[in-house]
Amino acid sequence: MFKIHPCGLFLRNKLLQLNFSYIFTKNYTSTIFALSSGKGKCGVAVIRISGPASNLVMGKMAGLKKLPEPRKALLRQIRHPEKHELLDRGLVLWFPGPNSFTGEDSCELQIHGGVAVISAVLDALAAIPGLRPAEPGEFTKRAFYSNKMDLTEAEGLADLIHAETEAQRKQALLQVEGSLYQRYSEWRDNLKRCIAHVEAYIDFSEDQNIEDDILQTTNSELKLLTLKIQAHLQDGRRGERTRDGVKTVIVGAPNVGKSSLLNALCERPAAIVSATPGTTRDVVSSVLDIAGYPVLISDTAGLRDNTDDVIEREGIARAHQELGTADLMLLVIDATFYQNWSDKNQEQNFLDFLKIYINTLKLEEAVLSCGNVQKLFGDKSHKVTDNVCLIVFNKLDLIEYKSLFYKVCREYPECVTAVSCKDNGLLGPLIEKLTTSLEKLCGNPTRENACLSQSRHRYHLTACVAALDRYLAMCGSEREIDQAAGQLRVAMNAIGHITGHVSTEQILDVIFKDFCIGK
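Because the structure is predicted, anything quoted here is derived from the model rather than measured.

### Topic: the overall build of the protein chain
Line of reasoning, step 1. Per the secondary structure count, the protein chain includes 20 helices and twelve strands.
Line of reasoning, step 2. The buried share among the 519 residues of the protein chain stands at 50%.
Line of reasoning, step 3. Taking all contacts inside the protein chain whose residues are at least 6 apart in sequence as the whole, residues at least 24 apart take part in 68%.

### Points about the packing of helix H5 (residues 151-162) against helix H6 (residues 166-176)
What describes two packed helices is the angle between their axes and the distance between those same axes.
Line of reasoning, step 1. Here H5 crosses H6 at 150 degrees, and the two axes come no closer than 7 Å. If you check the angle between H5 and H6, you find them roughly antiparallel. Considering how the two elements wind past one another, H5 and H6 form a crossing that is left-handed. From H5, Thr-152, Glu-153, Glu-155, Gly-156, Leu-157, Asp-159 and Leu-160 reach across to H6, where they touch Arg-169, Ala-172, Leu-173, Gln-175 and Val-176.

### A look at helix H8 (residues 214-233)
Line of reasoning, step 1. Helix length check: H8, at 20 residues, gives a terminal C-alpha distance of 29 Å against a target of 28 Å (1.5 Å per residue), a fit within 8%.
Line of reasoning, step 2. Taken residue by residue, H8 has Ile-214, Leu-215, Thr-218, Asn-219, Leu-222, Leu-225, Thr-226, Ile-229, His-232 and Leu-233 as its buried positions. Taken end-on, H8 shows its buried residues confined to a sector of 135 degrees, consistent with a single buried face. Exposed and facing more than 90 degrees away from the buried side of H8 are Gln-216, Lys-223 and Leu-227.

### Remarks on the side chain of Thr-226
Line of reasoning, step 1. Take Thr-226: it is sitting in helix H8.
Line of reasoning, step 2. Sequence-distant contacts of Thr-226, that is, excluding residues within four places in its chain, are made with Val-465, Leu-468, Asp-469 and Leu-472.

### Topic: the pattern of salt bridges
Line of reasoning, step 1. Applying the stated criterion across every chain, the model contains 20 salt bridges.
Line of reasoning, step 2. Salt-bridge contacts for Glu-312 lead to Arg-304; the nearest nitrogen and oxygen are separated by 2.8 Å.
Line of reasoning, step 3. The exposure class of Glu-312 is buried, given its relative accessible area of 3%.
Line of reasoning, step 4. Among the residues examined, Arg-304 registers a relative accessible area of 26% and is labelled partly exposed.
Line of reasoning, step 5. One continuous salt-bridge network, built from bridges that share partners, spans Glu-104, Arg-132, Glu-138 and Arg-142.

### Details of the pairing of strand E4 (residues 86-95)
Line of reasoning, step 1. Taking burial as the measure, the ten residues of E4 include seven buried ones, the bulk of the element.
Line of reasoning, step 2. Hairpin connection of strand E3 (residues 74-79) to E4: six residues between the antiparallel strands, including His-84 at a positive phi of 60 degrees.
Line of reasoning, step 3. Judged from the five bridges that link them, E4 and strand E5 (residues 106-113) form a sheet pairing that is antiparallel. Within E5, the position partnered with Leu-93 by the bridge is Glu-108.

### Quick notes on the nonpolar core
Line of reasoning, step 1. Grouped together as the largest cluster of nonpolar side chains are 67 residues, with contacts concentrated most on Leu-331, Phe-350 and Phe-393.
Line of reasoning, step 2. Formed by 33 residues, the second largest nonpolar core is a distinct cluster that contains Tyr-184, Leu-215, Leu-233 and Ala-467.

### Concerning the confidence of the model for the protein chain
Line of reasoning, step 1. Mean pLDDT over the protein chain works out to 84, with 86% of the residues at or above the 70 mark.
Line of reasoning, step 2. In this model residues 504-508 is a low-confidence stretch, pLDDT under 50, and it forms 16 contacts with partners more than four residues away in sequence or in other chains.

### Some thoughts on the sheet that holds strand E6 (residues 131-133)
Line of reasoning, step 1. In spatial order, the strands read E3-E4-E5-E2-E1-E6; together these six strands make up an open sheet with mixed pairing. Two strands bound the open sheet, and with one partner strand each, they are E3 and E6. For this sheet, the mean angle separating the axes of adjacent strands, direction not counted, is 30 degrees.
Line of reasoning, step 2. Those strands touched by helix H3 (residues 115-126) are strand E1 (31-35), strand E2 (42-50), E4, E5 and E6, and its axis lies near 150 degrees from that of E5.
Line of reasoning, step 3. Contacts from helix H4 (residues 138-145) reach E1, E2 and E6, with the element oriented near 135 degrees to E1.

### Digging into the packing of aromatic side chains
We describe a pair of aromatic rings using the distance from one ring centre to the other and the angle between the two ring planes.
Line of reasoning, step 1. What the rule picks out here adds up to 14 aromatic pairs.
Line of reasoning, step 2. With a centroid separation of 5.6 Å and 40 degrees between ring planes, the pair formed by Tyr-184 and Trp-187 is classed as tilted. Here Trp-187 and Tyr-184 lie together in helix H7 (residues 179-204), a separation of three residues that amounts to about one turn.
Line of reasoning, step 3. For Trp-187, a relative accessible area of 4% corresponds to the buried category.

### Some remarks on the sheet that holds strand E9 (residues 293-299)
Line of reasoning, step 1. Strands sit in the order E8-E9-E7-E10-E11-E12 across an open sheet of six strands; the sheet is mixed. Unpaired on one side and paired on the other, strand E8 (284-290) and strand E12 (416-418) mark the two borders of the sheet. Averaged over all neighbouring strand pairs, the angle between strand axes comes to 25 degrees, with direction disregarded.
Line of reasoning, step 2. The pairing of strand E7 (residues 246-252) with E9 spans five bridges and is parallel.

### Here we look at the state of the cysteines
Line of reasoning, step 1. Inspection of the entire model under this criterion finds zero disulfides.
Line of reasoning, step 2. The structure places no disulfide on Cys-442, whose sulfur is separated from the nearest cysteine sulfur, that of Cys-451, by 9.3 Å.
Line of reasoning, step 3. With a relative accessible area of 0%, Cys-442 lands in the buried category.

Each value, and the rule that gives it
Residues numbered from 1 in each chain as written. Predicted model: local features only at pLDDT ≥ 70, side-chain atom pairs only at ≥ 80, totals over all residues. Heavy atoms only, no water. Helix = DSSP H or I, 4+ residues; strand = E, 2+ residues; numbered from the N terminus. Buried < 20%, exposed > 50% of the residue type's maximum accessible area, 1.4 Å probe, protein only. Contact = heavy atoms within 4.5 Å. Axes fitted to C-alpha atoms, helices over the stretch in contact; angles between N-to-C directions. Parallel < 35°, antiparallel > 145°, perpendicular 65-115°, else oblique. Left-handed = near helix turned anticlockwise from the far one by under 90°. Expected span 1.5 Å × (residues − 1). Arc of directions from axis to C-beta. Salt bridge = Lys/Arg side-chain N within 4 Å of Asp/Glu carboxyl O. Pairing = 2+ DSSP bridges. Core = buried A, V, L, I, M, F, W, Y, C linked by side-chain atoms within 4.5 Å. pLDDT = per-residue confidence, 0-100. Phe/Tyr/Trp six-rings, centres within 6.5 Å; stacked < 30°, edge-to-face > 60°. Disulfide = S-S within 2.5 Å.

Structure follows, in structure tokens:
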């Protein structure tokens, strides 16, 4: 704390001019309605109404002379507001604001889910003055403007609705419950306090009315905050992979069984299988749910140099492009090919073969940059990534004595497996390794350790760190401290872009509380 200073009002007025984006509470005059349950025939359909005229629905369509008890379901006849024609019988519920999803007066009609019934009720709602159909996402937007949720929670709700796997559901639910908001709010509060301290130091330090070490203490807090945000950013994109899907690419030489492997994993003929080399010309993709994780898997053209086919060469080029954006690589090798090589080169081991194989296919950079494979070679000449490469020996059904492959699988359990696409019973070891790899790539987010889920968050947090770095570089000079303080405002504004809530008044509250200005 520091003493009251007559220039306190000057500091207050100065902070009022800070250029922060501010989300105002928005009062809507229109009332919106929409079908909130899924489209199509169903047992029960839910129609949601929100806005100041919601009470009219309870009177004009449900025939209630007074508003019912909040959140208590009543069985009523649903009638047209003008024609008084019976449309259906269903449940009606009243949710007075601010204790509703949107924060406004709201109600719900739970009716039979037939297409004709839903259409008739929606047409009847449109006949009530002041009501209109809702725009996409407008209920959630109103909830945001009513401070029922921040932008991260709104995005989490959208992800929860679109979740197709168990991992996506868990991550989205954590975000809806505020796991990211709590973390970002804490960082934003730290920045608010630090800005208040720095601004006070600029205005009052010459009068000796604040602690001598206030700037040093604040800078230590900002260095620690920078490290926290950087650690949050260095998550290997686990949350984004969970949300968008783990991009998995099947690669290898022609006729090693890449398309057969895709079909076996998809459990359907997703790709054409032929004994003719070069059958696959383009990238063939499919979406899978493996152990609850979303996987975007792609089959690619067989990699080789000796082809005069222009289309096949384009397919090979596209295969390399897919690899450039892949998180997980399935490098397929014909088991008979390795067996023949091993018989001829008994003094060499599997790693010698693998290096020759990936060099032949021009995959050395892609394979050796994968962290799990780089450990095998101890080769640090390539940049290590979080990507995973699984080496899959295929056509095990053609091998009479399989001990050679079982030995290799035991020696290198993290990245080598053997399968037969003709015998689905032999796919088990691959599924196990895929599950382990997906767990590593997607992580296991918790409320205390929430993951970034969108590139938008990463962009703004990166901008926040850059602004903090600029501040720390400038704050050592008394002449630049004022400009340095501006970088803190940029950093706070960056976090505000993620949550959607930043205001000048919030900083003023901190100043009056921490520094007793104007008391």
